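# Summary of the model geometry
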Amino acid sequence: MSLTAIEFNNVSKKYSQSGDYVVDHVSLSIYEGEFVTILGSSGSGKTTLLKMINRLYEPNEGTIKLFGEDITTVDPVKVRRRIGYVIQQVGLFPHMTIAQNVAIVPKLLKWNKSKISTRVDELLSLVGLEPQEFRNRYPSQLSGGQQQRIGLARALATDPKIMLLDEPFGAIDAINRLNLQDELLRIHGGLKKTFLFVTHDINEAFKLGTRVMIMNKGRICQFDTPSHIVKNPADDFVSSLIYSSREQERFWEGLD
(Lines give C-alpha, C1' and ligand atoms only; values in the text may rest on other atoms or scores of the structure.)
Protein backbone atom coordinates (compact mmCIF):
# COMPACT_ATOMS: atom_id res chain seq x y z
CA MET A 1 0.00 0.00 0.00
CA SER A 2 1.39 3.41 -1.01
CA LEU A 3 2.02 6.06 1.63
CA THR A 4 -0.34 9.03 1.79
CA ALA A 5 1.83 11.94 0.62
CA ILE A 6 -0.74 14.74 0.89
CA GLU A 7 -3.95 14.81 2.91
CA PHE A 8 -6.59 17.55 3.05
CA ASN A 9 -9.18 17.31 5.81
CA ASN A 10 -12.15 19.70 5.43
CA VAL A 11 -9.92 22.51 4.11
CA SER A 12 -11.46 25.88 3.21
CA LYS A 13 -10.06 29.19 2.05
CA LYS A 14 -11.66 32.60 1.51
CA TYR A 15 -9.93 35.92 0.93
CA SER A 16 -12.33 38.08 2.93
CA GLN A 17 -14.77 37.41 5.74
CA SER A 18 -17.75 38.34 3.57
CA GLY A 19 -16.55 36.62 0.39
CA ASP A 20 -17.32 33.18 -1.01
CA TYR A 21 -15.05 30.22 -0.38
CA VAL A 22 -12.28 29.96 -2.99
CA VAL A 23 -11.65 26.42 -1.74
CA ASP A 24 -14.77 25.03 -0.14
CA HIS A 25 -14.40 22.28 2.52
CA VAL A 26 -12.15 19.98 0.51
CA SER A 27 -11.05 16.56 1.75
CA LEU A 28 -8.74 14.35 -0.31
CA SER A 29 -5.75 12.00 -0.22
CA ILE A 30 -2.90 11.85 -2.72
CA TYR A 31 -0.53 8.89 -2.61
CA GLU A 32 3.22 8.80 -2.94
CA GLY A 33 4.33 8.50 -6.56
CA GLU A 34 1.08 9.74 -8.11
CA PHE A 35 0.93 12.30 -10.91
CA VAL A 36 -2.22 14.26 -10.08
CA THR A 37 -3.45 16.93 -12.47
CA ILE A 38 -5.84 19.62 -11.20
CA LEU A 39 -8.20 20.83 -13.91
CA GLY A 40 -10.60 23.74 -13.79
CA SER A 41 -11.50 27.10 -15.27
CA SER A 42 -10.16 30.41 -13.93
CA GLY A 43 -11.43 31.03 -10.42
CA SER A 44 -12.14 27.37 -9.69
CA GLY A 45 -9.70 27.30 -6.75
CA LYS A 46 -7.05 25.05 -8.25
CA THR A 47 -4.06 27.40 -7.75
CA THR A 48 -5.22 28.35 -4.26
CA LEU A 49 -5.43 24.67 -3.33
CA LEU A 50 -1.88 24.14 -4.64
CA LYS A 51 -0.46 27.16 -2.80
CA MET A 52 -1.86 26.00 0.54
CA ILE A 53 0.32 22.88 0.30
CA ASN A 54 3.55 24.91 0.52
CA ARG A 55 1.99 27.49 2.86
CA LEU A 56 2.04 30.40 0.44
CA TYR A 57 -1.61 30.63 1.49
CA GLU A 58 -3.01 29.51 4.83
CA PRO A 59 -6.44 27.84 5.05
CA ASN A 60 -9.23 29.37 7.14
CA GLU A 61 -10.40 25.93 8.20
CA GLY A 62 -9.19 22.35 8.15
CA THR A 63 -5.80 20.65 8.18
CA ILE A 64 -3.23 19.71 5.54
CA LYS A 65 -0.74 16.93 6.20
CA LEU A 66 2.37 15.93 4.28
CA PHE A 67 3.37 12.32 4.97
CA GLY A 68 1.21 12.43 8.10
CA GLU A 69 2.67 15.68 9.50
CA ASP A 70 0.41 18.70 10.02
CA ILE A 71 2.18 21.47 8.06
CA THR A 72 1.12 24.16 10.56
CA THR A 73 3.52 22.54 13.06
CA VAL A 74 6.49 23.12 10.73
CA ASP A 75 8.22 26.41 9.91
CA PRO A 76 6.88 27.61 6.50
CA VAL A 77 10.39 28.02 5.09
CA LYS A 78 11.20 24.40 5.98
CA VAL A 79 7.94 23.24 4.37
CA ARG A 80 8.83 25.05 1.14
CA ARG A 81 12.36 23.67 1.05
CA ARG A 82 10.92 20.14 1.15
CA ILE A 83 8.72 20.84 -1.88
CA GLY A 84 9.63 21.64 -5.48
CA TYR A 85 7.63 24.51 -6.97
CA VAL A 86 7.38 25.45 -10.66
CA ILE A 87 5.27 28.31 -12.03
CA GLN A 88 4.41 29.67 -15.47
CA GLN A 89 6.61 32.75 -15.02
CA VAL A 90 9.80 30.77 -14.51
CA GLY A 91 11.45 33.41 -12.32
CA LEU A 92 15.06 32.78 -13.30
CA PHE A 93 17.48 35.43 -12.11
CA PRO A 94 18.73 37.18 -15.28
CA HIS A 95 22.13 38.18 -13.83
CA MET A 96 22.95 34.58 -12.83
CA THR A 97 24.16 31.77 -15.07
CA ILE A 98 22.01 28.69 -15.53
CA ALA A 99 24.24 26.75 -13.12
CA GLN A 100 23.89 29.49 -10.50
CA ASN A 101 20.10 29.56 -10.92
CA VAL A 102 19.80 25.80 -10.44
CA ALA A 103 22.11 25.90 -7.42
CA ILE A 104 20.24 28.56 -5.42
CA VAL A 105 18.66 26.33 -2.76
CA PRO A 106 21.62 23.91 -2.38
CA LYS A 107 23.80 26.99 -1.82
CA LEU A 108 21.39 28.29 0.84
CA LEU A 109 21.62 24.87 2.49
CA LYS A 110 25.42 25.21 2.45
CA TRP A 111 26.19 22.21 0.26
CA ASN A 112 29.87 22.07 -0.71
CA LYS A 113 30.90 23.31 -4.17
CA SER A 114 31.72 19.88 -5.54
CA LYS A 115 28.34 18.44 -4.53
CA ILE A 116 26.51 21.44 -6.01
CA SER A 117 28.42 21.22 -9.31
CA THR A 118 27.70 17.50 -9.64
CA ARG A 119 24.01 18.03 -8.84
CA VAL A 120 23.68 20.84 -11.41
CA ASP A 121 25.12 18.63 -14.15
CA GLU A 122 22.83 15.73 -13.14
CA LEU A 123 19.76 17.95 -13.29
CA LEU A 124 20.60 19.59 -16.60
CA SER A 125 21.03 16.13 -18.10
CA LEU A 126 17.77 15.00 -16.52
CA VAL A 127 15.78 17.81 -18.18
CA GLY A 128 17.43 17.18 -21.55
CA LEU A 129 19.99 20.00 -21.66
CA GLU A 130 23.70 19.26 -22.20
CA PRO A 131 25.54 20.56 -19.10
CA GLN A 132 28.68 21.73 -20.90
CA GLU A 133 26.58 23.67 -23.39
CA PHE A 134 24.11 25.29 -20.98
CA ARG A 135 25.59 25.66 -17.47
CA ASN A 136 27.38 28.96 -18.25
CA ARG A 137 24.64 30.53 -20.34
CA TYR A 138 22.26 33.21 -19.05
CA PRO A 139 18.43 33.00 -19.10
CA SER A 140 18.18 35.56 -21.94
CA GLN A 141 20.13 33.14 -24.16
CA LEU A 142 17.50 30.41 -23.77
CA SER A 143 14.15 29.81 -25.44
CA GLY A 144 10.96 29.79 -23.37
CA GLY A 145 10.89 26.00 -23.38
CA GLN A 146 14.51 25.78 -22.27
CA GLN A 147 13.89 28.29 -19.47
CA GLN A 148 10.98 26.16 -18.26
CA ARG A 149 13.28 23.12 -18.18
CA ILE A 150 15.70 25.11 -16.01
CA GLY A 151 12.83 26.04 -13.71
CA LEU A 152 12.03 22.35 -13.34
CA ALA A 153 15.69 21.48 -12.71
CA ARG A 154 15.92 24.17 -10.01
CA ALA A 155 12.77 22.82 -8.31
CA LEU A 156 14.29 19.32 -8.26
CA ALA A 157 17.66 20.46 -6.91
CA THR A 158 17.27 19.23 -3.32
CA ASP A 159 15.45 16.03 -4.34
CA PRO A 160 12.02 16.92 -2.86
CA LYS A 161 9.42 14.18 -2.49
CA ILE A 162 6.63 16.46 -3.70
CA MET A 163 6.56 18.68 -6.80
CA LEU A 164 3.95 21.42 -7.29
CA LEU A 165 3.58 22.72 -10.86
CA ASP A 166 1.24 25.65 -11.50
CA GLU A 167 0.44 25.87 -15.23
CA PRO A 168 4.16 25.62 -16.04
CA PHE A 169 3.58 25.22 -19.80
CA GLY A 170 0.82 27.83 -20.15
CA ALA A 171 3.00 30.34 -22.02
CA ILE A 172 4.79 27.78 -24.22
CA ASP A 173 3.95 27.28 -27.91
CA ALA A 174 1.98 24.17 -28.89
CA ILE A 175 4.87 22.07 -30.26
CA ASN A 176 7.22 22.73 -27.35
CA ARG A 177 4.34 22.22 -24.93
CA LEU A 178 3.77 18.69 -26.23
CA ASN A 179 7.50 17.96 -26.02
CA LEU A 180 7.67 19.26 -22.45
CA GLN A 181 4.67 17.14 -21.45
CA ASP A 182 6.47 14.05 -22.76
CA GLU A 183 9.66 15.04 -20.92
CA LEU A 184 7.75 15.56 -17.68
CA LEU A 185 6.15 12.11 -17.93
CA ARG A 186 9.61 10.62 -18.50
CA ILE A 187 11.07 12.47 -15.53
CA HIS A 188 8.18 11.50 -13.24
CA GLY A 189 8.46 7.86 -14.28
CA GLY A 190 12.15 7.81 -13.42
CA LEU A 191 11.95 9.64 -10.10
CA LYS A 192 8.75 8.23 -8.52
CA LYS A 193 7.97 11.54 -6.85
CA THR A 194 4.49 12.89 -6.15
CA PHE A 195 3.55 15.50 -8.77
CA LEU A 196 0.62 17.96 -8.59
CA PHE A 197 0.12 19.83 -11.83
CA VAL A 198 -2.42 22.65 -12.29
CA THR A 199 -3.83 23.25 -15.78
CA HIS A 200 -6.93 24.57 -17.52
CA ASP A 201 -6.25 22.38 -20.57
CA ILE A 202 -8.31 19.16 -20.48
CA ASN A 203 -6.07 17.38 -22.98
CA GLU A 204 -2.99 18.16 -20.91
CA ALA A 205 -4.72 17.09 -17.69
CA PHE A 206 -5.86 13.75 -19.09
CA LYS A 207 -2.54 13.04 -20.83
CA LEU A 208 -0.39 13.63 -17.74
CA GLY A 209 -2.51 12.60 -14.78
CA THR A 210 -2.61 9.14 -13.24
CA ARG A 211 -5.62 10.76 -11.57
CA VAL A 212 -7.38 13.99 -12.51
CA MET A 213 -8.97 16.34 -9.97
CA ILE A 214 -11.68 18.47 -11.59
CA MET A 215 -12.57 21.64 -9.68
CA ASN A 216 -15.43 24.11 -10.07
CA LYS A 217 -16.32 27.02 -7.74
CA GLY A 218 -13.97 25.83 -5.01
CA ARG A 219 -15.23 22.27 -4.87
CA ILE A 220 -13.94 18.99 -6.27
CA CYS A 221 -16.45 17.72 -8.81
CA GLN A 222 -14.60 14.48 -9.50
CA PHE A 223 -11.23 12.95 -8.62
CA ASP A 224 -10.50 9.76 -10.52
CA THR A 225 -8.51 8.18 -13.34
CA PRO A 226 -8.95 9.73 -16.78
CA SER A 227 -10.73 6.64 -18.12
CA HIS A 228 -13.23 6.51 -15.23
CA ILE A 229 -14.01 10.20 -15.61
CA VAL A 230 -14.66 9.84 -19.34
CA LYS A 231 -16.86 6.78 -18.84
CA ASN A 232 -18.68 8.08 -15.75
CA PRO A 233 -18.70 11.90 -15.50
CA ALA A 234 -19.90 12.90 -12.03
CA ASP A 235 -21.99 15.94 -12.97
CA ASP A 236 -22.98 18.34 -15.74
CA PHE A 237 -19.81 20.41 -15.39
CA VAL A 238 -17.56 17.38 -15.95
CA SER A 239 -19.77 16.25 -18.85
CA SER A 240 -19.45 19.69 -20.46
CA LEU A 241 -15.64 19.56 -20.23
CA ILE A 242 -15.53 16.18 -21.94
CA TYR A 243 -18.05 17.33 -24.55
CA SER A 244 -15.99 20.43 -25.37
CA SER A 245 -12.85 18.33 -25.84
CA ARG A 246 -14.64 15.90 -28.15
CA GLU A 247 -16.07 18.78 -30.19
CA GLN A 248 -12.52 20.01 -30.78
CA GLU A 249 -11.52 16.53 -31.95
CA ARG A 250 -14.45 16.47 -34.37
CA PHE A 251 -13.36 19.85 -35.77
CA TRP A 252 -9.94 18.46 -36.65
CA GLU A 253 -11.42 15.27 -38.08
CA GLY A 254 -13.58 17.42 -40.34
CA LEU A 255 -10.46 18.97 -41.88
CA ASP A 256 -8.96 15.63 -42.95
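Being a predicted model, the structure only gives us computed values, none of them experimental. (Residues numbered from 1 in each chain as written. Predicted model: local features only at pLDDT ≥ 70, side-chain atom pairs only at ≥ 80, totals over all residues. Heavy atoms only, no water.)

Turning our attention to the overall build of the protein. Per the secondary structure count, the protein includes 11 helices and 10 strands. The C-alpha radius of gyration computed for the protein amounts to 19 Å, which stays within 12% of the reference 18 Å derived for 256 residues, consistent with globular compactness. By principal-axis analysis of the C-alpha atoms, the protein measures approximately 55 × 55 × 40 Å. Intrachain contacts of the protein at a sequence separation of at least 6 include 67% that bridge at least 24 residues. Accessible surface for the protein amounts to roughly 13,000 Å². Of this, 50% is attributable to carbon and sulfur atoms. Counting 31 positive and 29 negative side-chain charges, the protein places the centres of these two groups 8 Å from one another. (Helix = DSSP H or I, 4+ residues; strand = E, 2+ residues; numbered from the N terminus. Rg over C-alpha atoms; globule rule 2.2 N^0.38 Å. Contact = heavy atoms within 4.5 Å. Areas by Shrake-Rupley, 256 points an atom, 1.4 Å probe, with all protein chains shown as cover. Lys, Arg positive; Asp, Glu negative; His and termini not counted. Charge placed at Lys NZ, Arg CZ, Asp CG, Glu CD.)

This part covers the UniProt feature "domain: ABC transporter" (unreviewed entry) in the protein. Those residues carrying the UniProt feature "domain: ABC transporter" (unreviewed entry) are residues 6-242 in this numbering. Helix and strand shares over residues 6-242 are 39% and 24% respectively, and the end C-alpha atoms of the span are 27 Å apart. (UniProt positions renumbered as here; feature names shortened; annotations may be inferred.)

Further remarks concern the sheet that holds strand β2 (residues 23-31). Here we have four strands laid out as an open sheet, ordered β2-β1-β4-β5, and antiparallel in their pairing. Where the open sheet ends on each side, the last strands, each with one partner, are β2 and β5 (69-70). Across two bridges, strand β4 (residues 61-66) lies against β5 in antiparallel orientation. Note that in β5 the partner of Lys65 across the bridge is Asp70. (Pairing = 2+ DSSP bridges.)

Moving on to the pairing of strand β9 (residues 211-216). In the case of a regular strand, side chains alternate between the two sheet surfaces. Buried residues dominate β9, accounting for five of its six residues. Here strand β3 (residues 35-39) pairs with β9 via four bridges, running parallel. Bridge pairing in β9 places Thr37 opposite Val212. Sheet analysis places β9 next to strand β10 (residues 219-224), joined by five bridges and oriented antiparallel. The partner of Met213 across the bridge, within β10, is Phe223. (Buried < 20%, exposed > 50% of the residue type's maximum accessible area, 1.4 Å probe, protein only.)

Once that is clear, we can look at the pattern of salt bridges. Applying the stated rule across the entire model yields 12 salt bridges. For Arg55, the salt bridge is made with Glu58, and the minimal N-O distance between the two is 2.8 Å. Put simply, Glu183 and Arg149 hold a salt bridge, and the shortest N to O gap is 3.5 Å. With Glu183 in helix α8 (residues 174-191) and Arg149 in helix α7 (residues 144-155), the pair connects residues that are 34 residues apart, well separated along the chain. When salt bridges that share partners are traced, they join Arg149, Glu183 and Arg186 into one network. (Salt bridge = Lys/Arg side-chain N within 4 Å of Asp/Glu carboxyl O.)

With that settled, consider the sheet that holds β9. Strand-to-strand pairing in sheets goes through backbone hydrogen bonds, with the strands running parallel or antiparallel. With mixed pairing, six strands are arranged side by side in an open sheet as β6-β7-β8-β3-β9-β10. Of all strands in the sheet, those with a lone pairing partner are β6 (83-87) and β10, marking the two edges. On average, each strand axis in the sheet is inclined to that of its neighbour by 15°, with strand direction left out of account. Helix α11 (residues 236-255) rests against β3, β9 and β10 of the sheet, and its axis sits at about 115° to β9. (Axes fitted to C-alpha atoms, helices over the stretch in contact; angles between N-to-C directions.)

A few words on the nonpolar core. One finds Ile150, Leu152, Met163, Leu165 and Leu184 to be the most contacted residues of the largest nonpolar core, which totals 32 residues. Those elements that provide at least two residues to this core are α3 (98-102), α5 (113-126), α7, β7 (162-166), α8 and β8 (194-199). For Met163, the residues in contact, after removing those within four places along its chain, are Gly84, Val86, Leu152, Ala155, Leu156, Lys193, Thr194, Phe195 and Leu196. Of all hydrophobic cores here, the second largest spans 27 residues; its members include Val26, Leu49, Ile53 and Ile71. (Core = buried A, V, L, I, M, F, W, Y, C linked by side-chain atoms within 4.5 Å.)

Before going further, it helps to examine a nonpolar patch on the surface. Taken together, Phe251, Trp252 and Leu255 make up a surface patch of nonpolar side chains, about 400 Å² in accessible area. Along the polypeptide, Phe251 turns up in helix α11. (Patch = residues over 30% accessible without salt bridge, like charges linked within 9 Å, V, L, I, M, F, W, Y side chains within 5 Å.)

Our next topic: the side chain of Lys14. With respect to the secondary-structure elements, Lys14 resides in the loop between β1 (4-13) and β2. Buried Lys14, no salt bridge; nearest opposite-charge side chain is Glu61, N-O distance 6.3 Å. Leaving out residues up to four positions away in the same chain, Lys14 has contacts with Gly19, Asp20, Tyr21, Val22 and Asn60.

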